[in-house]
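# Chain and residue survey
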Amino acid sequence: MKIGVALSGGKDSSLAAARLVREGHQVVGYHLLLSPERYSAIPPSVQAGKVREIGERLGIEIRFIDGREAFRREVMDAFAAAYRAGETPNPCVLCNRLFKFGLLFETAEAEGCRKLATGHYARTEDGVRPRLLKPIPPCRDETYFLFAIPPGRLDRLLFPLGGIPPEDIRKLSRELLPGFLPPPVSQEACFLSRTGLRRFLEDSLPRPEEPGEIVDVSGTVLGEHPGCHFYTVGQRKGLSSASGKRGPLYVIRVVPESNRVVVGEKSDLRARRFRAVSPNWLSIPPPDDPITAWTKIRYTHPEAESRITPREDGSLEIEFTSPQEAPTPGQAAVFYRHDVLLGGAWIKTVDG
RNA sequence: UGCCCGGUGGUGUAAUGGUAACACAUCGGCCUUUGGAGCCGAGUUUCGAGGUUCGAGUCCUCGCCGGGCAG
């Protein structure tokens with residue numbers, strides 16, 4: 001079978017491709033060019049070179065897809081807009097939806113690939129309605145980033161790494177890609193290096209350096225900040241001008257209208273209810289009535305029991321059984337039942 | 001002007017006359033397929049000038065600064 005593989009140049013996607021090659025499939029590697037040179041940690045040409053090298057090593061054809069203009073428009077602009085609105089964007093989810101499982105998927109499909117594989121740690125399950133599942137337990141679970149992918153494509157996706165235990169992945173790595181040196185894993189958003197984020201915001205935001213007040217939950221002014229887009233809910237660092245007393249301070253809210261950053265204790269971050277918009281249901285049909293599910297509000301959040309109520313306007317009301325720390329506008333809320341990712345939505349407002 | 005308190009890292013505080021400590025902040029590392037968080041580690045401090053004492057953040061004198069009382 002002809003299978004397309006999304007190849008980033010990293011270890012996981014290479015391994016996924018290697019596995020499919022070993023199984024005897026006709027594999028084509030697709031590499032997306034997304035990041036503008038100005039902001040990237042690794043120059044795109046260097047990354048492309050890595051991908052070519054992997055292609056040679058595996059003996060597969062490599063195709064490049066230039067998505068830079070659309071990426072700029074659809075992911076980076078949205079990223080900047082979120083900061084402007086005092087939200088905390090999650091570009092990975094958007095990029096997965098629009099590019100890896102969007103543009104790249106469509107390109108591979110048009111070129112005759114029956115399936116698309118990626119190196120994500122996740123699983124799919126066929127059936128009347130295909131489902132997206134978490135990987136086999138000790139593996140890190142990356143399904144959070146996949147909640148927004150188009151449901152109709154689930155049956156044509158392959159996650160070759162999601163079904164095998166980590167020790168086997170290491171073994172596979174030695175067998176299939178001996179001597180392969182993974183690039184440094186540590187990174188920010190893949191299209192921005194650490195310095196890139198700052199530069200990007202300076203380029204993209206009007207008057208980025210406008211100072212404002214740091215206030216506590218009762219409105220008392222505690223200090224000054226250099227610009228409210230440097231802050232996100234739950235953040236602890238960068239509050240030096242307000243600190244010194246009352247233990248560690250955390251950002252509770254960012255209010256761009258008044259250019260204020262509201263801070264408080266860690267316990268002030270806990271909230272039970274929030275509203276989420278633009279839901280995407282993957283493994284179940286969109287529900288008409290309230291359902292119970294376990295909701296995860298950030299990548300590393302241990303999902304918690306909740307009730308999800310669909311509203312007339314298409315948004316969702318989520319209520320946790322017990323308050324959770326720092327639901328944050330702009331982040332994804334992803335719903336699970338055991339191993340199954342039911343769907344997800346974007347956190348819009350937090351009610352308390 | 002008189003009297004009374006107080007002045008310790010960037011901030012808030014601690015230290016019977018005996019190695020100046022704690023929290024927050026800051027910096028570095030770890031963690032990490034988003035932003036945060038979390039974990040580990042580090043640096044930095046006694047308002048100034050004299051004096052008493054083996055030894056002063058601590059006691060004494062003067063000054064400077066901040067607050068209070070008296071008017």
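Residues numbered from 1 in each chain as written. Chains lettered and ligands numbered in written order. Predicted model: local features only at pLDDT ≥ 70, side-chain atom pairs only at ≥ 80, totals over all residues. Heavy atoms only, no water.

## Overview of the overall build of chain A
Check the secondary structure of chain A and you find six helices and 17 strands. Against the globule reference of 20 Å for 352 residues, chain A gives a C-alpha radius of gyration of 21 Å, in line with a compact fold. Principal-axis analysis of the C-alpha atoms places the extent of chain A at approximately 65 × 45 × 35 Å. Within chain A, buried positions represent 51% of all 352 residues. For chain A, the accessible surface area stands at approximately 16800 Å², while carbon and sulfur atoms represent 50% of it. Taking the average place of the 48 positive charges on the side chains of chain A and the average place of its 44 negative ones, the gap between the two points comes to 3 Å. (Helix = DSSP H or I, 4+ residues; strand = E, 2+ residues; numbered from the N terminus. Rg over C-alpha atoms; globule rule 2.2 N^0.38 Å. Buried < 20%, exposed > 50% of the residue type's maximum accessible area, 1.4 Å probe, protein only. Areas by Shrake-Rupley, 256 points an atom, 1.4 Å probe, with all protein chains shown as cover. Lys, Arg positive; Asp, Glu negative; His and termini not counted. Charge placed at Lys NZ, Arg CZ, Asp CG, Glu CD.)

## Considering the confidence of the model for chain A
Mean pLDDT over chain A stands at 88; residues scoring 70 or higher make up 93%. Under the prediction, the complex receives an ipTM of 0.84, its pTM being 0.90. (pLDDT = per-residue confidence, 0-100.)

## Here's the deal with the packing of aromatic side chains
Inspection of every chain in the model, using the stated rule, returns nine aromatic pairs. Judged by centre distance (5.4 Å) and plane angle (70°), the ring pair of Phe71 and Phe99 falls under edge-to-face. Within this pair, whereas Phe71 is found in helix 3 (residues 68-84), its partner Phe99 is found in helix 4 (residues 91-110), the two being separated by 28 residues in sequence. Using a relative accessible area of 2% as the deciding quantity, one classes Phe99 as buried. (Phe/Tyr/Trp six-rings, centres within 6.5 Å; stacked < 30°, edge-to-face > 60°.)

## Observations regarding the environment of Val51
Here Val51 is to be found in helix 2 (residues 44-58). As a C-alpha pair, Val51 and Ser14 span 37 residues in sequence and 8.6 Å in three-dimensional space. Here Val51 is in contact with Leu7, Ser8, Gly9, His31 and Ile62, once residues within four sequence places are set aside. (Contact = heavy atoms within 4.5 Å.)

## Quick word on helix 3
Across its 17 residues, helix 3 extends 22 Å between first and last C-alpha, which sits within 8% of the 24 Å expected from 1.5 Å per residue. Of all the bends in helix 3, the greatest, near 30°, is centred on Met76. Once helix 3 ends, the next one or two residues include Gly86, with phi positive near 80°. (Expected span 1.5 Å × (residues − 1). Bend = angle between axes of the 7 residues up to and from the residue.)

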